[in-house]
Amino acid sequence: MAHRVDGRKLSRKHGPRMALYRSLTVAVLRHERIKTTEAKAKEVRGQVEKMITLAKRGDLSARRAVVAVFPDEPLVIDKLFNEIAPKYADRPSGYTRIVRIGRRLGDAAEIVQLELV
């Protein structure tokens, strides 16, 4: 019985899966929209929203928490705090949208567009 087990494994071990989530989160914050599979988009959506919520706080502690997650992405961190967070200042949550595009030709996986609202 798999009680209280959440999240998708996406046929990866823990390290590569976390690296995938981190890179997709950075891509969403950098480009403000990405195309990926539905399962990956649903997993990354929560991390993107968490980073935006941290950036909305705007204090030093929040900045350090974001830097701890993305230590090699200073441009993305600046964009997150200076452009993205002020845009959602009056919005309590729900910063992302998933739009279905269609199916991938090779394996018929559902492709979606994950974008900032």
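Refer to the structure presented above.
Residues numbered from 1 in each chain as written. Predicted model: local features only at pLDDT ≥ 70, side-chain atom pairs only at ≥ 80, totals over all residues. Heavy atoms only, no water.

Q: Is there a simple way to think about the pattern of salt bridges in this case?
A: Pairs can form between side chains of opposite charge once their charged atoms are near each other. A full pass over the atoms with the stated rule returns 12 salt bridges. One salt bridge in this structure joins Arg 8 and Glu 43, with 2.7 Å as the shortest N-O distance. Placement of the pair is Arg 8 in the segment before α1 (14-31) and Glu 43 in helix α2 (residues 38-57), with a sequence separation of 35 residues. Among the residues examined, Glu 43 registers a relative accessible area of 18% and is labelled buried. Between Glu 115 and Arg 33 there is a salt bridge; the shortest N-O distance is 3.5 Å. Here Glu 115 is found in strand β3 (residues 110-116), whereas its partner Arg 33 is found in strand β1 (residues 33-37), with 82 residues between them in sequence. In this structure Glu 115 comes out as buried when scored by relative accessible area, which is 10%. Linked through salt bridges whose partners overlap, the residues forming this network are Glu 32, Lys 79 and Lys 87. (Salt bridge = Lys/Arg side-chain N within 4 Å of Asp/Glu carboxyl O. Helix = DSSP H or I, 4+ residues; strand = E, 2+ residues; numbered from the N terminus. Buried < 20%, exposed > 50% of the residue type's maximum accessible area, 1.4 Å probe, protein only.)

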